[in-house]
Structure formats: structure tokens, C-alpha cells
Amino acid sequence: MYGEVRVRTSLWSAGLAVLLVFVALVSTGLGPVTIDPHVVAMAVLNALPVPTAVGATRVDLGPLAVPWPTLTTERVFAFEVADSHQTIVTGIRLPRIVLAATVGFALAAAGTVMQGFFRNPMADPSIIGVSSGAAVGAVAFLVAPTVVPFGLGLQLSAFVGATVTAFAVYMIATEDGRTPVATLLLAGIAIQTFLGAVISFLQINAGESLEQVVYWLMGHLHTSTWADVRLSLPVVLVSFALLYAYAEDLNVLLLGEEDARTLGIEVEWTKRILLATASIVTAAAVAVSGVIGFVGLIVPHMMRLLVGPDHRILLPTSALAGAAFLVATDTVARVGPAEVPVGIVTAALGAPFFLYLLRTREVHAVG
Amino acid sequence: MSDWTAPTEDEKRVFNGDGDSNATIEVREVDVRLGGVAVLSGVSTSVESGSFVGLVGPNGAGKSTLLRTIAGVLSPSAGSVLIDGVDVHALSSREASKLVAVVPQDTSLSFAFDVRDVVAMGRTPYRGRVRTGDPVGRERVGWALSRTETDHLAERSIADVSGGERQRVVLARALAQDAPVLLLDEPTSSLDINHQLRTLELVSELVGEGKTVVAAIHDLNLAAHYCEEIVVLSGGTVLESGPPEHVLTEGVLEQAFDTRAVVTRHPVTGSTYVTALPDRPEPTRGHVHVIGGGGVASRLLYLLSGAGYEVTVGALNEGDSDLETARSLGLDAVAIEPFSAVDGGARRAVSRLIDRADVTVLADVEVGSGNLVNLDCARESRSLVVIEDRPFGERNYAGVEGRELYDSLRERARVAGEDELLSAVASALGSEREL
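Residues numbered from 1 in each chain as written. Chains lettered and ligands numbered in written order. Predicted model: local features only at pLDDT ≥ 70, side-chain atom pairs only at ≥ 80, totals over all residues. Heavy atoms only, no water.

(A) Here's a closer look at the overall build of chain B. Scanning chain B from terminus to terminus reveals 16 helices and 18 strands. Out of the 435 residues belonging to chain B, those deemed buried represent 54%. When contacts within chain B are restricted to residue pairs at least 6 apart in sequence, long-range pairs at least 24 apart make up 67% of them. Here chain B has roughly 18,700 Å² of accessible surface; of this, 48% comes from carbon and sulfur atoms. (Helix = DSSP H or I, 4+ residues; strand = E, 2+ residues; numbered from the N terminus. Buried < 20%, exposed > 50% of the residue type's maximum accessible area, 1.4 Å probe, protein only. Contact = heavy atoms within 4.5 Å. Areas by Shrake-Rupley, 256 points an atom, 1.4 Å probe, with all protein chains shown as cover.)

Below is the structure:
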């Protein structure tokens, strides 16, 4: 039971992590310039900061000087790699691949949680309007940067739009301290429809920025930078850790809220944590990549068929599989003769695969 | 939710989680409103530690609502529920779930968790945020599986077990919870008779080991047999409560369920035994008077009454089982003192009934000087059916007079066996109508 779950989780996660690294290495080698996998590996190692020493320094806090730990890292590897290849790997392809992995990880994790939370197989990370909110923030920035307050950048505008929307939907659906799941779902749909209208209105008035807007809305990774990674990866990892800590509560919530309560779950509090965290994870992904569909819907289903409904194992495996899936689909998106937005590829691959699952295996209810 | 004041003695006992502590339930003047409608009003009852209380009442009486309120899921708009002296609604879910475990009515588990995982969810109140091994939990889950005889299912998916097995799995989950109070909402509703009994036997055993159990039970006879106390709910209030034999009376049942029922003792188990009767249809089929005695007419009375006739009977001695049947069926009967003969007053009453009756039925009754008068009255009947399963000679204690009277009746009557009663009465009624 407990031990067994831990062993299975470790094995599956390790396997999927290996798969992810493999897909990432292959992907890095592919592009207009093909680079051998071993060259890729050497280039990555060359760029890898390895901790070499732990030290301490003093930080002056006004009159107080406190010791502060420092970590010295060095690039210890110096393999022979052509400069152009080194730049292509670490400067161009790797940030995009790491970002794709981060976004895939986040969307699949959030999708898993939302499907369990809503006990609805069609739930996806954007079910309570997170993506629409992010889109409004991003499009507003692209169309009229001056209206966005506080001088927020594109990503932060999207992030703020997403979290504000999720919070608003939650507040609308809450009455007397209770948030019925069905009300939440309907409020989410209503808000998404409304925000869809706002986005259309902004698009009509987009003028020259229309192309940018359309690209953003379709989901994209082609402008990825290490700055995007630094922005989203920490948020995704911390949020994921919190979701994972609630994996068993999510299992119990599958029994229904009343049963969960009599089994000792603080239902409303747990729902709030799960919803807020899943929304933040989604927002962190959508803010840097736009709306990439199907990852958060299909990957959890696929993994549920493979590992079962227990979120202790489903959540980490879905996240890792989502990462590998998005890296692979983004590779397809950029390697072709003309680059297409990755959202098109995930939908084009994901929808038929989902229909295949629907017809051949049981993707009826959750589990 | 948790209180910031120091825990009281009661709360300490709760936190220490000793499974079968003294767990009385005290429901005090509880009002519950659901969607603006008062579902419970002024419900008070108390359950002693280690007892088995059955909650009965018609659909919509508030049984589930009361259980959910005791479990702390629903908050009363007035009143309180104390378990072992602690107000459950002041406790967090976690604390409450260490006190009360619930087996809900419908268990919608349509996802593929293993049975063992489902039972292990009963350990939720004892689980920390950081996952660690839980040897105690594992032992309790194993115990719960074996108590409910579901251990052979442990590795099966919950989606693949039958309804009865699933019910036992959910019971196992509640047992793994190690709460001193167990609430069951219709625990036997989806079970066949064998599993109903096994489940209730198990619950009885658990009560014997110190659990306090409150169960909403549909089947009044199961409730009467297994529960030490019965609480009858009707229209959101407690109609009656106490030991089954005091509570399950015809009057209470009629008031609660709006149906007629006969309460007797079960001949084998000795428990209070309730037989619900079909609602009496409007007596449009005709009036049948039955002459019986000594229990030979009881079945006839059931059959005729059930077939929709207006049935009268008499005269019968007090204490005659036919008379008890007639009363339990709510029939008009002419009664006379025990062991006395039919006297003038009774004779007039019987004559009046026979005169009014479309058909008179003479049961396969033993005839003596005391009840010869009944036969005499039957001569005036408009149409007569004589039930004869034994030769009259075997049951004639009235000599030649009896024989002559009987033969004269038999001559103009339809003679039938008990099994042909209804067709005989129908045809007698038909020809009587034609006349």
C-alpha cells in the first residue's frame, strides 16, 4: 500500500525523467543545423554550473552584519565543441526546450488536479478561466501597452490577468463560505465567454500588432529565452510541490465532498488551496507560452490509463509525461519547413489521439 | 477552525483517539434547514455509549439529515449535537472524523482505486501532510478488511466488485477510521437478504465491542431485531423513541408511515414483528360476512380483505385468534365474552351483518352448542358459501341439531375448499346480483 505506491511512483517517475532527458537531447540536436547527440551532451555539460564550494559572506543589514551562505559554481567541463554549436545549443535551442518542458510539466500537473477536483474528464487547466484571463492581459499589453498598469511586461501582464480571473471566478462562485464545484464550473464558462468577447474586441482594434496577438493566442514557444525560464520554472516547481503534498487529499475528494469531510478533510480549505495552486501553475505556464491546448487534457488521461487514479503516482508521472510530450511536439513544430505555433501541433496530434483513447479504452469518467 | 484555548478534558480524550472511548451522543433541540426548508425541527434524542439505535421513518422524514448532522456535515440552525460531551460542530473535520465514522447511503466510487486503497482512505484523519510509513494504519486497514470479510477483494478494483461487496468495503473504510461512533445510512438497502443479515450481525458484534451505532434502517423488522432502541422520525420530528416493543406499535406506525400495519411477535425469534398491510381499497366489491372461530377463518379474512371486499366477522369469543386477525386487519367483528355462548345481543348483531352482507361465508369451523347460533343466523343469508376442508362429522360437537342445520345450509350453498374461496365468493356475488 504505502510502500508499494512509493516504489511504483519512484520507478515510473525515474523512467519518465529518463525519457524526458532523452527527448530533450534528441530535440536539441534537431533543427536547421543538425547536431550529434554526443555533441549536444558535451555542449550542455560545458554550460552546466557545478557547485564547487560553499562559503559565507557578510551582509550588512543597517547596523547589523549577518552571515549569509554563498554557493560557488563553476563550469567544470571543457569539452571541445564548435563555438557555433555551443551557441545554438545553449543560447537558442536549450532555453526553448527547457521552457517547453516547464510549460508541459505545469499544464499536465494542473490538468490532473482540475480533472480530479471537478471529477470531470473534460476539465483542463483553463477550466476556471485562467487562460482567458492571461490572454486578456497579454493582448492588452500587445495592443495598448500604456493601459497596462505598473509598467508590467508581457509575461507579467498575462500572469496577473490569469490570477485575477481565477480569483474573480472563485469569488463569484462562493456563497456563505462554500464553493460548489458545479457553480464554479458554470461561473468559469461564463467568465471565459465574456473574456472571449473582450479579446475579440481588442483584436479588432489591434492594428499593426494583430499578427503578434494571433501568434500569442495560438500558443508559441519560438521567442523563448532563459529569462522566461527563470520567471516560470521556480513558480511551477514550488506550486507543484504544494499540489503534491495534497495528492492524498485529492484522492479522498474523489469520493465526494461529504464523504471527504467525514474522513477528516477540511473540504473548503483544501479546495481553495488546490484551486489557487493549480491556477498559479497554469498562469505561470500560459504567461510565457500563450494558450497551448490539449496537453493538460490529454496527458493526465493517458497517464491515468497507465498508472491508475491514485494522485500520489498520477500527479508526478503526468507532469513528467507532459514535459516530454510538449518538448516532442514543439520539436515537430519548429523542425518542419516552416515553423508553426506549437498549439496547432498539440491540438492536431492530441485530438485524434484523444478520440482514439475514447473509442478503444475507457476514458469515460475520471479513471 | 481549531480553538485557541487550551483543550478541555473531553477534547484531550478525542485527540488521544482511544478508539472505543465512552461515546454518548446527545442531540439537543436540533433544527436543520436545507435550502430554506425546515427538515428537522426540535429533534432531541440521546444514545448511550455502546448501544445500537435504529432510526426509522418514512422517506423524507429526515433520517439522513439527522445522521449528517450528527456527523457534523450539516450544521444545525439551532440546537447542538454533543458526542462524549463535545460539540461536534465546533470541531474541525479532522477531529470530528476521529469521533464519528459514516457509511453513506450511496457510495459512488466509479473510479479504479483498489479496494485496499479505498479502505486506507479511512486513515485520512491520522495522516500527516508529509507522507511517512504508517504501520498502525496498515494494521488497522488489514483488520477492517478481515472484519468485513473483504480481504479477498483487497487487490481488486473497487469498480469491479458487486454492490453488496462495495457496501462492505465502505463499512471497512469506516472501521479503519477507528472512531467510537459509527453512523450507517441504510446500510442494507442494496443488499440481498443474506448480506443484510451478515452486515447487521457484524454491526451488532461491533456494538458488543463498544462501538456506538446509529443506523437508518428501512426494514422495520431488521431494526426491531437488531436495535436496542428505535427512534421513529416523521416529518422532521421524533415521534417516539425507546425499545422496539414499546415504539413499534400500530398506532405509531400508522401515524409515521400513514399505512396500516400489524405488529406481532415473530414466532421464531421473538422479536417485534411488523407486517404492513396494503391500503384498504374502497369496498366496492361487496360485503362479505364470515362465520369462523378457532383460527380457521384467519386466512379467509386476509384473502377477502386483500381482495377488496368489505369484510365482517362474528360472532367470535374474545381471545379467539380469528378475532385478533380481524382486529389487526381493521375489520368489524361481533365479539362475545371468552368461553361463553352467543347470546341474544350478539345474535341480533350477527343477524344484522348477515342481512346486510351480499355473501356470507361459513368457514371450516368446529360447531358446538355455543356457536350454533351463528349457523342459525346464516339461514337468513342472501347467498352462502360453505368452506369444507374437513368432513362436518369430524367437527360437529352439536349432535343431530348441528348436523341438520349444517345440511340445510349446505344444500343451498356453494361448497368450496379454502383454496377456491375467492372464486366461490365471486360467483356467489355474481348470481346474487343477477337475482
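(B) Here's a closer look at the domain arrangement of chain B. You can read the domains of chain B as domain 1 (9–240) and domain 2 (287–434). The C-alpha-based centres of domain 1 of chain B and domain 2 of chain B are spaced at 53 Å. (Domains from an automatic or database assignment.)

(C) Here's a closer look at the sheet that holds strand β8 (residues 212–216) of chain B. All names here are of chain B. With respect to topology, six strands assemble into an open sheet ordered β6-β7-β8-β3-β9-β10, the strand pairing being mixed. In this open sheet, the two strands that pair with only one neighbour each are β6 (100–103) and β10 (237–242). Within this sheet the neighbouring strands show an average axis-to-axis angle of 15°, counted without direction. Where strand β9 (residues 229–234) meets β10, five bridges bridge the pair, whose relative direction is antiparallel. Residue pairing for β10: I230 is matched across the bridge by G242. Where helix α6 (residues 163–176) meets the sheet, it contacts β6 and β7 (181–185), and its direction lies at approximately 175° from that of β6. Sitting on the sheet, helix α7 (residues 193–208) is in contact with β3 (52–56), β7 and β8, with an inclination near 135° to β3. (Pairing = 2+ DSSP bridges. Axes fitted to C-alpha atoms, helices over the stretch in contact; angles between N-to-C directions.)

(D) Summary view of unusual backbone geometry. With omega at 0°, the peptide bond leading from G314 of chain B into A315 of chain B counts as cis. Following the sequence through the fold, A315 of chain B ends up in strand β14 (residues 310–317). Even without a glycine there, the phi angle at F294 of chain A is positive, about 75°. In this fold, F294 of chain A is placed in the loop between α11 (267–289) and α12 (295–307). Under the relative-accessibility criterion, F294 of chain A is labelled partly exposed at 26%. Positive phi, normally seen in glycine, also occurs at E149 of chain B, with a value near 55°. Topologically, E149 of chain B is positioned in the loop between α5 (135–147) and α6. By relative accessible area, E149 of chain B is classed as partly exposed at 42%.

(E) Up close: the pairing of strand β13 (residues 287–291) of chain B. All names here are of chain B. Along β13, five of the five residues are buried, which leaves the element largely enclosed by surrounding structure. Looking at chain direction, β13 and β14 are connected through four bridges and run parallel. The partner of V290 across the bridge, within β14, is V313. Chirality of the crossover, the property in question, places the unit of β13, helix α11 (residues 298–306) and β14 among those that are right-handed. By the bridge criterion, four bridges tie β13 to strand β16 (residues 359–362) in an arrangement that is parallel. (Right-handed = clockwise from strand over helix to strand, strands pointing away.)

(F) Quick peek at the packing of helix α3 (residues 83–118) of chain A against α11 of chain A. Residue and element names in this part refer to chain A. Axis separation between α3 and α11 bottoms out at 9 Å; the angle between their running directions is 150°. By the angle between their directions, the pair α3 and α11 is classed as roughly antiparallel. Seen from above, α3 lies across α11 with left-handed handedness. Where α3 approaches α11, its residues L99, V103, A106, L107, A110, V113, M114 and F117 are matched on the opposing element by K271, L274, L275, A278, S279, V281, T282, A285, V288 and S289. Of the residues in the contact of α3 with α11, the class split is 14 nonpolar, three polar and one charged. (Parallel < 35°, antiparallel > 145°, perpendicular 65-115°, else oblique. Left-handed = near helix turned anticlockwise from the far one by under 90°. Nonpolar A, V, L, I, M, F, W, Y, C, P; charged D, E, K, R; others polar.)

(G) How the structure looks around the side chain of S97 of chain B. In this structure, S97 of chain B sits in helix α3 (residues 93–99). The exposure class of S97 of chain B is buried, given its relative accessible area of 1%.

(H) Up close: helix α2 (residues 63–70) of chain B. Residue and element names in this part refer to chain B. The buried fraction of α2 is high, at six of eight residues. Residues K63, T65, L66, L67, T69 and I70 constitute the buried set of α2. Downstream of α2 by one or two residues, G72 has phi in the positive range, about 90°.

(I) Fine view of the packing of aromatic side chains. Within this structure, the stated rule accounts for five aromatic pairs over all chains. The residue whose ring lies beneath R140 of chain B is W143 of chain B, and the NZ or CZ to ring-centre distance is 4.3 Å. (Phe/Tyr/Trp six-rings, centres within 6.5 Å; stacked < 30°, edge-to-face > 60°. Lys NZ or Arg CZ within 6 Å of the ring centre and 35° of its normal.)

(J) How the structure looks around the sheet that holds strand β18 (residues 414–416) of chain B. All names here are of chain B. One open sheet accounts for six strands, arranged β15-β14-β13-β16-β17-β18; its pairing is parallel. Since the sheet does not close on itself, it has two edges, and those belong to β15 (332–336) and β18, each with one partner. Neighbour-to-neighbour, the strand axes of this sheet turn through a mean angle of 20°, independent of strand direction. Packing against the sheet, α11 makes contact with β13, β14, β16 and β17 (384–387), and its axis sits at approximately 160° to β14. Sheet contacts for helix α15 (residues 399–412): β16, β17 and β18; angle to β17, the most-contacted strand, approximately 120°.

(K) View of the interface of chain B and chain A. Facing the 34 residues of chain B at the interface are 27 residues of chain A. Of the roughly 2,900 Å² buried between chain B and chain A on both sides combined, carbon and sulfur atoms contribute 53%. Taken together, the links from chain B to chain A amount to four salt bridges. Across the pair D259 of chain A and R173 of chain B runs a salt bridge whose closest N-O atoms are separated by 3.3 Å. Across the chain B-chain A interface, the total number found is nine residue pairs in polar contact (both at pLDDT 80 or more). Residue assignment for the side of chain B that touches chain A shows that the elements contributing at least two residues are α3, β6 and α4 (115–120) of chain B. The class makeup of the residues in the side of chain B that touches chain A is 13 nonpolar, ten polar and eleven charged. (Buried area = accessible area lost by both parts, 1.4 Å probe. Salt bridge = Lys/Arg side-chain N within 4 Å of Asp/Glu carboxyl O. Polar contact = N/O pair within 3.5 Å; in protein donor to acceptor, adjacent residues only side chain to side chain.)

(L) Spatial organisation of the nonpolar core. Counting 143 residues, the largest nonpolar core has F118, I128 and L184 of chain A together with F52, V119 and L182 of chain B as the members making the most contacts within it. Ranked by residues supplied to this core, first place goes to α3 of chain A with 15 residues. Sequence-distant contacts of F118 of chain A, that is, excluding residues within four places in its chain, are made with A123, I127, I128, V181, L184 and L185 of chain A. Membership of the second largest hydrophobic core comes to 32 residues, among which are V53, L66, L67 and L74 of chain B. (Core = buried A, V, L, I, M, F, W, Y, C linked by side-chain atoms within 4.5 Å.)

(M) Just the packing of helix α5 (residues 154–173) of chain A against α11 of chain A, in detail. Residues and elements named next belong to chain A. α11 packs onto α5 with a crossing angle of 155° between their chain directions and a minimal axis gap of 8 Å. Considering the angle they form, α5 stands roughly antiparallel to α11. When the axes of α5 and α11 are compared, the crossing they make is right-handed. Facing Q155, A158, F159, A162, T163, A166 and Y170 of α5, the residues of α11 in contact are R272, L275, S279, I280, A283, A284, A287 and V288. For the contact of α5 with α11, the residue count by class is eleven nonpolar, three polar and one charged.

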